Amino acid sequence: MQDPDKMLLYTSFPTEVFNVLVNVLERMGPFNYFSGWTVQGFSTSDQLLMTLMKLRLNLRDLDLAERFNTSKSTVSNIFNTYVAALHEILFEGVMKTVGIPSQLKCKGSMPKSFEEFSSARIAMDATEITQDVPSDMNSQSLSYSNYKSRHTAKAVTCVAPNGALVYCSELYPGSTSDAAIVDHCGVLDMLKPGDMILADKGFNIFDKLPSGVTLNIPPFLSSKSHFTKEEAQLCYKIGRSRIHVERANERIKNFCILDHIPSQYRHLSTKIFQLCVALVNLQSPLLKEIADKYEIPN
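Residues numbered from 1 in each chain as written. Predicted model: local features only at pLDDT ≥ 70, side-chain atom pairs only at ≥ 80, totals over all residues. Heavy atoms only, no water.

### What to know about the confidence of the model for the protein chain
With 86% of its residues at a pLDDT of 70 or more, the protein chain has an overall mean of 86. Within the protein chain, no element has a lower average pLDDT than helix α11 (residues 288-293), which sits at 61, and none a higher one than helix α4 (residues 61-67), at 97. (pLDDT = per-residue confidence, 0-100. Helix = DSSP H or I, 4+ residues; strand = E, 2+ residues; numbered from the N terminus.)

### Regarding the packing of helix α3 (residues 44-57) against helix α5 (residues 72-98)
α5 packs onto α3 with a crossing angle of 90° between their chain directions and a minimal axis gap of 9 Å. The orientation of α3 with respect to α5, classified from their angle, is roughly perpendicular. Along its contact with α3, which presents T44, Q47, L48, M50, T51, K54 and L55, the element α5 presents V75, I78, F79, Y82, V83 and L86. Taken together, the residues of the contact of α3 with α5 sort by class into nine nonpolar, three polar and one charged. (Axes fitted to C-alpha atoms, helices over the stretch in contact; angles between N-to-C directions. Parallel < 35°, antiparallel > 145°, perpendicular 65-115°, else oblique. Contact = heavy atoms within 4.5 Å. Nonpolar A, V, L, I, M, F, W, Y, C, P; charged D, E, K, R; others polar.)

### A look at helix α10 (residues 269-280)
Taking 1.5 Å per residue, twelve residues should reach 16 Å; α10 reaches 17 Å between its end C-alpha atoms and fits that length. Those residues of α10 that sit buried are S269, I272, F273, Q274, L275, C276, V277, A278, L279 and V280. (Expected span 1.5 Å × (residues − 1). Buried < 20%, exposed > 50% of the residue type's maximum accessible area, 1.4 Å probe, protein only.)

### Thoughts on the packing of helix α2 (residues 15-28) against α5
When two helices pack together, you describe them by how their axes are tilted relative to each other and by the distance separating the axes. Taken N-terminus to C-terminus, the directions of α2 and α5 make an angle of 100°; their axes are 11 Å apart at the nearest point. Taken as axis vectors, α2 and α5 run roughly perpendicular relative to one another. Here L21, V24, L25 and M28 of α2 come into contact with α5, specifically with Y82, A85, L86, I89 and L90. Tallied by class, residues from the contact of α2 with α5 come to nine nonpolar, no polar and no charged.

### Here's the deal with the nonpolar core
Counting 66 residues, the largest nonpolar core has L48, L55, L258, I272, F273 and L279 as its most contacted members. Looking at this core, the element that brings in the most residues is α5, giving eleven residues. Residues in contact with L48, not counting those within four places in the same chain, are F18, L21, V22, L25, Y82 and L86. Counting residues in each nonpolar core, the second largest holds 26 residues, with V156, Y167, Y172 and L191 among its members. (Core = buried A, V, L, I, M, F, W, Y, C linked by side-chain atoms within 4.5 Å.)

### Examining the pairing of strand β4 (residues 165-168)
Strand residues, when the strand is regular, have side chains that alternate between the two faces of the sheet. Pairing analysis gives three bridges linking strand β3 (residues 150-159) to β4, with the strands arranged antiparallel. Bridge assignment links V159 to a residue of β4, and that residue is L165. Hairpin connection of β3 to β4: five residues between the antiparallel strands, including G163 at a positive phi of 95°. (Pairing = 2+ DSSP bridges.)

What follows is the structure, encoded as structure tokens:
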């Protein structure tokens, strides 16, 4: 596909990035296909495009089968296989292996919005995706989010000061608190004394912080009627820095499969979500300041 606009529509990134992924997959293959039989007659490029179209637009399997002149079972076999392969390469092999950049590396690409928090290593947030009502009554209770007033799954994501997504937890039931996810997922174990976390009020995790790690969240009003001038300024500064993780989460949700993961792919929910997180890092940088610094075209 040579049309750059169509490539962005169907995959969310430029042709050059797509071609790099094709080359990586060809070097990693051949794969053991999910359904136990090998797909014939489709190139790596076609199978990758089909998978990305499913992630980006959440097209029905029958729709993809018609577009690629194949069967629904072939579409399902390719999608299951390629999601697992891409997750292994991009999330497990890159995001988890590289991990959260050190404070020294963060300072090397620190944008102006973080100048008040020079020791910040990550900005943290939680994001939710909708899921079907579980058939099990206990699961229904666990997955119901009072905040969203529907059944959801939730994950914690973190961005480095330069806007790159550097951490993503597994998906948890929607009723799980942000603090409980942070405590369970192990992200705090990756931080060192002197590091700072920026988060919103939902992350009241002061009692869970490792020694020497600090947390900066907006102040609470408590019994006061309004913030002091200093507290209002702190809220503004934290919000100005944290906006990057919220923008990153918006990009994640631009993968329409997260609007409603089809029931036949629910066993892949966490891998699908984490793969979408990894794919966001292949898009143009969130911050123009960072793109300009490294001369990355938008």
